[in-house]
Each structure stands twice: as structure tokens, then as C-alpha cells.
Amino acid sequence: MAYKISNNPADYIEPLNINRLEGRVLRLPAPSARRNREILLLYGSHSSLERMFSLAAELNRYGPVTLPDWPGFGGMDSLFKIGKKPDIDTMADYLAAFIKLRYRRRRLTIVGMSYGFTVATRMVQRYPDLADKVDFVVSIVGFARHDDFKIKRRNLFFLRLGSNVLRQRLPVLFVSALVKGPTISATYNVLAKKHVKMKDADTAERQRRIEFEKILWRINDLRTYFYTMHSMFTMDLCDKQTPLTVYHVAVQNDQYFDNKLVEQHLAVIYGSVAVIDIRLDAHMPTIVATPKEVAPFIPNKLRRILAAA
């Protein structure tokens, strides 16, 4: 018998303790006995379980969904607490530890969004034994190399430089003081007409999104955020291969990524690549997306694949 999911993410969130780090994990049970595909959903940087709940609920149509925090994001302890740095390899090691803990005798399907997909890719590259447990990987606006970004070389240089400086302990303390003040609200209000997360909202909706942004900036570790930014602007995952299949959901005319380059790089890494194009006005859902807004990120072709036994 199918069950009806609650609209409150807190009903499905439980504590997560792994490698001396405390965080949270969201677990949605199988919607019915027939829909039992285990789906591991991974959010990108600057996110939380609450932000991704609508997407998790949409994926829950096809099986149980597990959505863990990343170290340093969603309010979870950062890797700095245990003397490690949140580079792409260490994040991949954390993901491997989570899979070993939660999927000991079960197969799984990985759905990674943006940065979450890059960590999943590095994990299956570093842990072939765990890759054998994965049916396939889904990339939702994911990428594999720094040059996948539509960024001029000069701008990329300054982004690398800036993120490298701000991922250091002392500089990030200064930025943290600004973020905890009124700066975030003022910045988003000034840029509201042009900012991709705000420009389509009326006054009330804009304020709701800004309030959610303030929460994200408060609960996410800034040093981890800038570390992941630096990883994105320097990474190259084309150095290792995996025989897995990847289904890549690409937004046509994506303002951030060169889709042709992304596809080429995925073809270097994965044994099989299937690109599924979608037409949307935004690279990702808004901060507080509704189920209707996130539904296009799981196009019909992907839904049929997820629904297959």
C-alpha cells in the first residue's frame, strides 16, 4: 500500500554521526513494495536538507531516498574539526564511508546535483568496489572539469585566487563577520532584479527567499564553502575512468556550463553517457522550490529509467 508523504522535512530527518562528525540525514521510506530502488541523493554546495526536500520527495516516487549532509554544509561539523581539509578527495572519502555504513548489502542509484555529482564521480573513481554496488549515476547539472564553466580565463584566474585566499582561516573570519550581519539581506535586495535566485519573485516571495538564504549562510561553514569553490575552479576528474553509466540532465542554454564540454569530459570518465536536455530559465531550482518547480529536473526519460526494476 502506498503512503502519503508529509510536507514537513523534519518528520524524516535523523542524526548522523560518522567519523566523529555530527550532522543530519534525511530518509524517505519506499512509497510502495513495488518501488524499492535505493536512491542516494547528494546536494551541491551552499545547501541543506530542507532546501532539497522537494527534490527528494519527487525522487521518492521511485524508491526510498537517502539525503545526507556534507561535512561543513547543512549545519554539519566541518572536516576541519578532525584535522582534515574539504578537498574533493577527502569529500569523496566521506561519501565512501557513508555508503559503507548505510548500504552494506544493498545496491543503490546515485543522484548528484552540481557539486554533489562531482564528489560522487570522484568517489566511484577512488573506490571501484563501491562502484560495483551502483546501478548508475545521475548528474543533475553536474560537471567534471574547471573549464566546463562559461568563465573567461581572466575571471577564472581571479575566482581561483579569491577562493584560495578566503579558504584560509584568518581571511574567512572577516567574511564570516559580514555574513552574520545585515550584509546578506542588503546585498540580495540591491541585486534582486538581476540575481538569478530572486529576479522572478514578487516582493513577498523575494523576502521569503532572502530569509532562507540568510539561514544557509549561517548554518554552512564558510571556510568549507570557499574550499569547495576553489575545488570547482581547479578540478580535473578526467584522470581516472569508471565503467558506470551516467545519465546527465543538462539545462539548455545553461548560464554556468558549456554543455558540449561537459558531455565530452563525462565521456572520458564514464563507460556510457546519456544526455537528457531540459528547457528551463534557471540552472537550478530556487532556494525554496515547490514540487512543481523541481519536477522538470527529473524529465520523463529519466523517470522511466528510475521506474524500471
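This text goes with the structure placed above it.
Residues numbered from 1 in each chain as written. Predicted model: local features only at pLDDT ≥ 70, side-chain atom pairs only at ≥ 80, totals over all residues. Heavy atoms only, no water.

Enquirer: I tried to follow the packing of aromatic side chains on my own but got confused; where do I start?
Expert: In this description, a pair of aromatic rings is defined by centroid distance and the angle of the planes. Evaluated as defined, the whole model comprises 12 aromatic pairs. Put simply, the rings of Phe143, Phe149, Phe233 and Phe257 pair up and form one aromatic cluster. The ring of Tyr227 is capped by Arg167, whose NZ or CZ atom sits 4.6 Å from the centre of that ring. Lying across the ring of Phe80, Arg223 places its NZ or CZ 4.0 Å from the centre. (Phe/Tyr/Trp six-rings, centres within 6.5 Å; stacked < 30°, edge-to-face > 60°. Lys NZ or Arg CZ within 6 Å of the ring centre and 35° of its normal.)

Enquirer: What's the story with unusual backbone geometry in this structure? I'm lost.
Expert: Note: most peptide bonds trans; most residues except glycine with negative phi. One non-glycine residue, Asn19, lies in the positive phi region at around 55°. Relative to the assigned elements, Asn19 resides in the loop between β1 (13-18) and β2 (21-28). The class for Asn19 is partly exposed, based on a relative accessible area of 45%. In this structure, Asn253 takes a positive phi of about 60° despite not being glycine. Positionally, Asn253 belongs in the loop between β7 (242-251) and α10 (259-269). (Helix = DSSP H or I, 4+ residues; strand = E, 2+ residues; numbered from the N terminus. Buried < 20%, exposed > 50% of the residue type's maximum accessible area, 1.4 Å probe, protein only.)

Enquirer: Explain the pairing of strand β8 (residues 270-278) to me, please; I cannot follow it from the model alone.
Expert: Remark: a regular strand shows side chains that alternate across the two faces of the sheet. The pairing of β7 with β8 spans eight bridges and is parallel. Looking at the pairing, Val249 lines up with Ile276 of β8. (Pairing = 2+ DSSP bridges.)

Enquirer: Any chance you could explain the pairing of β1 here in plain terms?
Expert: As paired elements, β1 and β2 share six bridges and run antiparallel to each other. Bridging from a neighbouring strand, Ile18 pairs with Leu21 of β2.

Enquirer: What should I look at first to understand the sheet that holds β7 in this one?
Expert: Adjacent strands of a sheet form backbone hydrogen bonds with each other and so pair up, either parallel or antiparallel. The strand order across the open sheet built from eight strands is β1-β2-β4-β3-β5-β6-β7-β8, with neighbouring strands paired in mixed fashion. Single-partner strands in this sheet number two, and they are β1 and β8. For this sheet the average axis-to-axis angle between neighbouring strands, irrespective of direction, equals 25°. As paired elements, strand β6 (residues 134-140) and β7 share four bridges and run parallel to each other. Directly across from Ser139, in β7, lies its bridge partner His248. The strands touched by helix α2 (residues 88-102) within the sheet are β1, β2, β3 (39-42), β4 (65-68) and β5 (108-113), with β1 carrying the most contacts at an inclination of about 115°. (Axes fitted to C-alpha atoms, helices over the stretch in contact; angles between N-to-C directions. Contact = heavy atoms within 4.5 Å.)

Enquirer: When you look at the packing of helix α5 (residues 153-166) against helix α9 (residues 222-234) in this model, what are you seeing that I'm missing?
Expert: Think of two packed helices as two axes; the pair is described by the angle between the axes and how far apart they sit. Where α5 contacts α9, the two axes come as close as 8 Å, and the packing angle between them is 150°. In terms of their interaxial angle, α5 and α9 are classed as roughly antiparallel. Along this stretch, α5 crosses α9, giving a crossing that reads as left-handed. Here α5 contributes Leu156, Leu159, Arg160, Ser163, Asn164 and Leu166 to the contact with α9, which in turn contributes Phe226, Met229, His230, Phe233 and Thr234. Taken together, the residues that form the contact of α5 with α9 break down as six nonpolar, four polar and one charged. (Parallel < 35°, antiparallel > 145°, perpendicular 65-115°, else oblique. Left-handed = near helix turned anticlockwise from the far one by under 90°. Nonpolar A, V, L, I, M, F, W, Y, C, P; charged D, E, K, R; others polar.)

Enquirer: Hey, could you run me through the pattern of salt bridges in this one?
Expert: Where charged atoms from two side chains of opposite charge approach closely, those side chains can pair. Within this structure, the stated rule accounts for 16 salt bridges. Asp89 is the partner of Arg122 in a salt bridge, and the nearest nitrogen-oxygen pair spans 3.1 Å. One end of the pair, Arg122, is in helix α3 (residues 115-126); the other, Asp89, is in helix α2, and 33 residues separate them in sequence. Judged by its relative accessible area of 8%, Arg122 falls in the buried class. Judged by relative accessible area, Asp89 falls into the partly exposed class, the value being 27%. Asp239 serves as the salt-bridge partner of Arg122, at 3.2 Å between the closest nitrogen and oxygen. Of this pair, Arg122 sits in helix α3 while Asp239 sits in the loop between α9 and β7; the two residues are 117 residues apart in sequence, bridging distant segments of the chain. Within this structure, Asp89, Asp93, Arg122, Arg126 and Asp239 form a network of salt bridges that share partners. (Salt bridge = Lys/Arg side-chain N within 4 Å of Asp/Glu carboxyl O.)

Enquirer: What am I meant to see in a nonpolar patch on the surface here?
Expert: Together, Phe157, Phe158, Leu161 and Val165 make up a nonpolar patch on the protein surface, roughly 390 Å² of accessible area in all. With respect to the secondary-structure elements, Val165 resides in helix α5. (Patch = residues over 30% accessible without salt bridge, like charges linked within 9 Å, V, L, I, M, F, W, Y side chains within 5 Å. Areas by Shrake-Rupley, 256 points an atom, 1.4 Å probe, with all protein chains shown as cover.)

These figures come from the coordinates and say nothing about function on their own.
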